[in-house]
Amino acid sequence: MARLLIVSNRLPISVRVERGALCLTRSSGGLATAMRGPHERMNALWIGWPGSVASLSPEQRDDADAALAGIRAVPVHLGAAEQHRFYDGFSNGVLWPLFHYLLDKVNLDAELDWEAYQRVNERFADVVAAQYAPGDAIWVHDYQLMLLPALLRRRLPGARIGFFLHVPFPSAEVFRILPWREQIVRGLLGADLLGFHTVAYRRNFAASAAHVLALDPGEAMIEHDGRKVALGVHPISIDALEVERLAGHPGVREEAARIRAEAGGRKIVLGIDRLDYTKGIPRRLLAIERFLEREPELRDEIRFIQLAVPTREMAGAYTDFRRLVHEMIGRINGQYGTTCAVPIHYMHRSVPLEQVVALYLAADVMLVTPLRDGMNLVAKEYIAARVDDDGALILSEFAGAAAELAEAISVNPYDIGSVAAAVKQAITMPPAEQQVRMAALRRRVVTHDVHVWARSFLDDLDRAAAPEPAAAAALTASREVPESVIERVRRAPERVWILDYDGTLVPFALVPDLAAPDEELLALLRALSERDRVHVVSGRRRADIERWFGALPLHLHAEHGFWSRPKACDDWVPLASDAAAWKGEIRGILEDFTRRTPGSFVEEKTVTLAWHYRAAEPELAGEHARELRARLEKRIAADGLELLGGAKVLEVRPRGVHKGRVVPLILDEVPERAAVIAIGDDRTDEDIFAALPPSACTIHVGNESSLAAYRLPNAGAVRSLLRSIHA
Ligand code: GDG
């Protein structure tokens, strides 16, 4: 039966030895909390790191693995040093601060940590591949495993692979700082579906991919390596029913009443966070201090409770941070404490979930003020726990949750004065206003819970991973050129080559004029044409082709076959004497886009007009290319014209002028026993492949889907093939 394989850095259960005995403990944290429900309900297998097993005896290790198997968990064991570099070093020393915009905390001198990150992602790929059975869906989680989708794609080409990012995806301007940005983007693009919490994070990723790999992403889809990768927005949520259930539990209500009684009638303002520098605790403390300073008469009316859950204790940045927080609390309590109360009640430990919910129930105001946060589940849990529709939520506009929770009091956590003012607004908010806001928030959280989230992600994954049958067939049909085919071509009594130029014989250059043929290529074509018939079929202007190849004994075809020079001594002949009356208006449109897109330009040929944007800023150019395409499609339909999207070029040409039309002319002059080999890299060359008989050897250069029977990776490989035929 097809299963779901959940893959995350940590298993939701950690293995430890306490006083000689093996013990399994639940991990807290957003991801573990969110995926626990889907894991249980969907009969899924969870693959991840179970904590260090270094202190376990071999028997205890076996026992631990067996215990994990019992709860459908598969451990990925990592050595202590490797885990430290991968987790504390790269994941939390580089990616975590960068993705949360805390640039001064990013360690970019992390080559060894990066190597460990790659190795650990490989280890995960091995374990996942070993567990995988055809039909399974794989759901990879979070920033520690961003190389995994592509590593899995290589091992399991047909698998359904989804990836969800729990942290923000930063602006492309920030992401591009990362020295390993290209590998990370390529790693992610191995998935069928990439999920983000918000539209903004998705947009940031698309812009980063456009920048790093010079792609043209759509809003919800990126085409890369001949595959489509869907980009989804899936705001994570919580198990709202479970939180509600706990909030109604008599023991939990009793505990909440106890906390309230202890507060002695003071209003309770609560913060619950992992003790992480992204959560904005120091600035929150400054805001509390500002509040106490500004509102002397309210000082004894309020009790702040901060639960700070220990996290990443091994990392240096966290030790210093913890000290800072503790010192600040000491200072503020020293300043404003009295003989009977201190303003801030601080707990630095993990507590049971029942206690967390009791705190939610007891709190009049919840302070959620991260500097950046992917989503923030605490905010949603507080809402779900407020079964009486009262209480007030103060929420940072830099938490992903802010995109959904508009009825909260929104604050900029960097602006201490406004957070202090928000605290006052919250504690003095009239009950009727609390009700209106909280009821709306609760409706949203209850209807969009974690189960809806998981279901919608997996449904999208199913849709994204189901390839269109024709495209899939075309793609799988083309494979590397087998040695037997090369041998057949080599032994053929006569050979006819039909060769595209740009992207096939030379790599793409930033500007078309820079892609002139080099000496080596000219010598190769000259040698080839001494024994074989060589046709160069290009989309370029006749003048370029003539200037570059005119002196060689080649058969030349320019402008997608509109112009042909059948033999070296012949003149160029046009396909038809078309006056191209349509050009004036289309040229005006293209020039308009050129003005708006620096680096782009219009190329005019006898019967076609092309808009090139390879040298333009990719994101802007991509957006304008989509806009231009939409505008041209409307305009050209009635004129017998067609629009062709190539590699960073949009071209308008009359229908019927395409490279395929030269094929009958070429074949007319060829004896039947000749081998015909056609090689091309883009959409326009597909017309050649389509016009050739099945006996021809057709080769696509690159990774896109193609009608060609075989494929080669790049222009260098094409040249090697040409050389090897005469070797
Ligand atoms: C990452 C992203 C995103 C906290 N203290 C205790 C405890 N918790 C639970 C809370 C909540 C979870 O931990 C914290 O979740 P957050 O979402 O607030 O934060 P991260 O751990 O940073 O999570 C975040 C999330 O992934 C999901 O995508 O929202 O933006 O950073 O569920 O209740 N649980 C228990 N004891 C505690 O003392 N039992």
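Note that the structure is a prediction, hence the values are computed from the model and not measured. (Residues numbered from 1 in each chain as written. Predicted model: local features only at pLDDT ≥ 70, side-chain atom pairs only at ≥ 80, totals over all residues. Heavy atoms only, no water.)

1. Looking at the overall build of the chain
Okay, so step 1: Of the regular secondary structure elements, the chain holds 26 helices and 29 strands.
Okay, so step 2: Dimensions of the chain along its principal axes, counting C-alpha atoms only, are 105 × 65 × 45 Å.
Okay, so step 3: Residue burial in the chain is summarised as follows: out of 727 residues, 56% are buried.
Okay, so step 4: Restricting the contact set of the chain to residue pairs at least 6 apart, pairs at least 24 apart contribute 70%. (Helix = DSSP H or I, 4+ residues; strand = E, 2+ residues; numbered from the N terminus. Buried < 20%, exposed > 50% of the residue type's maximum accessible area, 1.4 Å probe, protein only. Contact = heavy atoms within 4.5 Å.)

2. Quick word on the sheet that holds strand 12 (residues 302-309)
Okay, so step 1: The six strands are arranged 13-12-11-14-15-16 in an open sheet whose pairing can be described as parallel. Both edges of this open sheet fall to strand 13 (344-347) and strand 16 (409-411), since each of them pairs with a single strand only. Direction aside, neighbouring strands of the sheet carry axes that sit 20 degrees apart on average.
Okay, so step 2: Sheet topology note: the strand 12/strand 13 ladder contains four bridges and is parallel. (Pairing = 2+ DSSP bridges. Axes fitted to C-alpha atoms, helices over the stretch in contact; angles between N-to-C directions.)

3. Here's the deal with unusual backbone geometry
Okay, so step 1: Backbone geometry places Arg72, a non-glycine residue, at a positive phi of 55 degrees.
Okay, so step 2: By the secondary structure assignment, Arg72 is in the loop between helix 2 (58-70) and strand 5 (73-75).
Okay, so step 3: With a relative accessible area of 27%, Arg72 lands in the partly exposed category.
Okay, so step 4: At Tyr101, a residue that is not glycine, the phi angle is positive and equals roughly 65 degrees.
Okay, so step 5: Along the polypeptide, Tyr101 turns up in the loop between helix 3 (80-99) and helix 4 (111-131).

4. Overview of the side chain of Lys279
Okay, so step 1: Mapped onto the fold, Lys279 is located in the loop between strand 11 (267-274) and helix 11 (281-294).
Okay, so step 2: Ignoring anything within four residues of it in the chain, the contact list for Lys279 reads Asp273, Arg274, Arg284, Thr369, Pro370, Leu371, Asp373 and Asn376.

5. Some details on the pattern of salt bridges
Okay, so step 1: Under the definition given, this model contains 58 salt bridges.
Okay, so step 2: A salt bridge links Asp192 to Arg227; the shortest N-O distance between them is 3.9 Å. Here Arg227 lies in strand 10 (residues 227-233) and Asp192 lies in the loop between helix 7 (181-188) and strand 8 (193-196), a separation of 35 residues in the sequence. Judged on exposure class, the residue Asp192 and its partner Arg227 are both buried.
Okay, so step 3: In this structure, Lys279 engages Asp373 in a salt bridge whose closest nitrogen and oxygen atoms are separated by 3.0 Å. Highlighted residues: Lys279 in the loop between strand 11 and helix 11 and Asp373 in the loop between strand 14 (365-368) and helix 14 (377-385), separated in sequence by 94 residues.
Okay, so step 4: By relative accessible area, which is 10% here, Lys279 ends up buried.
Okay, so step 5: A network of salt bridges, in which partner residues are shared, links Asp502, Arg540, Arg541, Asp544, Arg547 and Glu603. (Salt bridge = Lys/Arg side-chain N within 4 Å of Asp/Glu carboxyl O.)

6. Thoughts on the sheet that holds strand 17 (residues 479-480)
Okay, so step 1: With mixed pairing, the nine strands of this open sheet are ordered in space as 17-29-28-27-18-19-20-21-22. With one partner strand each, in any of the chains shown, strand 17 and strand 22 (573-574) form the two edges of the open sheet.
Okay, so step 2: Bridge count between strand 17 and strand 29 (residues 710-712): two bridges; the pairing is parallel. Note on strand 29: the bridge partner recorded for Glu480 is Arg711.
Okay, so step 3: Along the sheet, helix 25 (residues 683-691) contacts strand 18 (495-499), strand 19 (533-537), strand 27 (675-680) and strand 28 (697-701); its crossing angle with strand 27, the most-contacted strand, is approximately 160 degrees.

7. Some points on the site of the ligand
Okay, so step 1: Close to the ligand lie 25 residues; His166, Arg274, Val351, Asp373 and Glu381 are nearest.
Okay, so step 2: In this structure, an oxygen atom belonging to the ligand sits 3.0 Å away from a side-chain N or O atom of Lys279.
Okay, so step 3: For the ligand, the protein covers 93% of the area, taking 730 Å² as the surface of the free molecule.
Okay, so step 4: Of all the secondary-structure elements, those providing two or more residues to the shell around the ligand are helix 1 (30-41), strand 11, strand 12, helix 13 (353-362) and helix 14.
Okay, so step 5: By residue class, the composition of the shell around the ligand is 12 nonpolar, nine polar and four charged.
Okay, so step 6: Three or more residues apiece are contributed to the shell around the ligand by two domains, here domain 1 (4-233) and domain 2 (240-448). (Near = heavy atom within 4 Å. Polar contact = N/O pair within 3.5 Å; in protein donor to acceptor, adjacent residues only side chain to side chain. Areas by Shrake-Rupley, 256 points an atom, 1.4 Å probe, with all protein chains shown as cover. Nonpolar A, V, L, I, M, F, W, Y, C, P; charged D, E, K, R; others polar. Domains from an automatic or database assignment.)

8. Quick word on the packing of helix 9 (residues 240-248) against helix 13
Okay, so step 1: Taken N-terminus to C-terminus, the directions of helix 9 and helix 13 make an angle of 75 degrees; their axes are 9 Å apart at the nearest point. Classified by the angle their axes make, helix 9 and helix 13 are roughly perpendicular. When helix 9 is examined against helix 13, the residues Val243, Leu246 and Ala247 are found in contact with a partner set consisting of Leu353, Glu354, Val357 and Leu361.
Okay, so step 2: Looking at the contact of helix 9 with helix 13, its residues break down into six nonpolar, no polar and one charged. (Parallel < 35°, antiparallel > 145°, perpendicular 65-115°, else oblique.)

9. Looking at helix 2
Okay, so step 1: Taking 1.5 Å per residue as the helical rise, helix 2 with its 13 residues ought to reach 18 Å, and the 18 Å between its terminal C-alpha atoms agrees with that figure.
Okay, so step 2: Within helix 2, burial applies to Gln60, Ala64 and Leu68. All buried residues of helix 2 project into a common sector of 75 degrees when viewed along the axis, lining one side. Summarising the geometry of helix 2, the exposed residues directed more than 90 degrees from the buried face are Pro58, Glu59, Asp62, Ala69 and Gly70.
Okay, so step 3: Against the buried residues of helix 2 lie strand 2 (13-18), strand 3 (21-26) and strand 5. (Expected span 1.5 Å × (residues − 1). Arc of directions from axis to C-beta.)

10. A look at the nonpolar core
Okay, so step 1: Counting 102 residues, the largest nonpolar core has Ile138, Met146, Leu194 and Phe205 as the members making the most contacts within it.
Okay, so step 2: Inspection of this core shows a minimum of three residues originating in each of domain 1 (4-233) and domain 2 (240-448).
Okay, so step 3: Contacts of Met146, omitting those with residues within four sequence positions, involve Leu95, Phe99, Tyr117, Asn121, Phe163, Leu165, Ile184, Gly187 and Leu188.
Okay, so step 4: Residues Ala137, Ala240, Ala408 and Ala454 belong to the second largest nonpolar core, which totals 71 residues. (Core = buried A, V, L, I, M, F, W, Y, C linked by side-chain atoms within 4.5 Å.)

11. Topic: a nonpolar patch on the surface
Okay, so step 1: A cluster of nonpolar side chains, namely Leu22, Leu24 and Ile71, defines an oily patch on the protein surface of about 200 Å² accessible area.
Okay, so step 2: The topology assignment puts Leu24 in strand 3. (Patch = residues over 30% accessible without salt bridge, like charges linked within 9 Å, V, L, I, M, F, W, Y side chains within 5 Å.)

12. Focus: the environment of Leu371
Okay, so step 1: Within the fold, Leu371 resides in the loop between strand 14 and helix 14.
Okay, so step 2: For the pair Leu371 and Asn9, spaced 362 residues apart in sequence, the C-alpha separation works out to 24 Å.

13. Side note on empty space enclosed by the protein
The method is simple in principle: a probe with the dimensions of a water molecule rolls over the atoms, and the space it marks as empty is what remains.
Okay, so step 1: One pass over the full model with this rule turns up four cavities of 30 Å³ or more.
Okay, so step 2: Put simply, the largest cavity is a space of about 450 Å³.
Okay, so step 3: Taken together, 29 residues line the largest cavity, and the ones lying closest to its centre are Asp502, Phe508, His612, Ala647 and Val649.
Okay, so step 4: When contributions to the lining of the largest cavity are tallied by element, the ones reaching two or more residues are strand 23 (601-604), strand 24 (609-612), strand 25 (641-646) and strand 26 (649-654). (1 Å grid on protein atoms, 1.4 Å probe; cavity = no way out; pocket = protein on both sides within 12 Å on 5 of 7 lines; lining within 4 Å. Points joined across faces, edges and corners; volume = space filled by probe spheres on them.)

14. Comments concerning the domain arrangement of the chain
Okay, so step 1: Splitting the chain by domain gives domain 1 (4-233), domain 2 (240-448), domain 3 (483-575 + 657-726) and domain 4 (583-654).
Okay, so step 2: A separation of 54 Å is found between the C-alpha centroids of domain 2 and domain 4.

15. A closer look at the side chain of Ser396
Okay, so step 1: Summarising the element assignment, Ser396 is placed in strand 15 (residues 392-396).
Okay, so step 2: A relative accessible area of 0% means that Ser396 is categorised as buried.

16. So, the packing of aromatic side chains
Okay, so step 1: The tally for this structure, following the rule as stated, stands at 27 aromatic pairs.
Okay, so step 2: Ring centres 6.4 Å apart and planes at 90 degrees place the aromatic pair Phe169 and Phe196 in the edge-to-face group. Here Phe169, found in the loop between strand 7 (160-164) and helix 6 (172-175), pairs with Phe196, found in strand 8; they are 27 residues apart in sequence, far enough to count as distant.
Okay, so step 3: On the basis of relative accessibility, which here comes to 1%, the residue Phe169 falls in the buried class.
Okay, so step 4: Geometrically, the ring pair formed by Tyr501 and Trp548 is tilted, given 5.5 Å between the ring centres and 40 degrees between the ring planes. With a gap of 47 residues between them, Tyr501 in the loop between strand 18 and helix 20 (519-531) and Trp548 in helix 21 (residues 542-549) connect regions that are remote in the sequence. (Phe/Tyr/Trp six-rings, centres within 6.5 Å; stacked < 30°, edge-to-face > 60°.)

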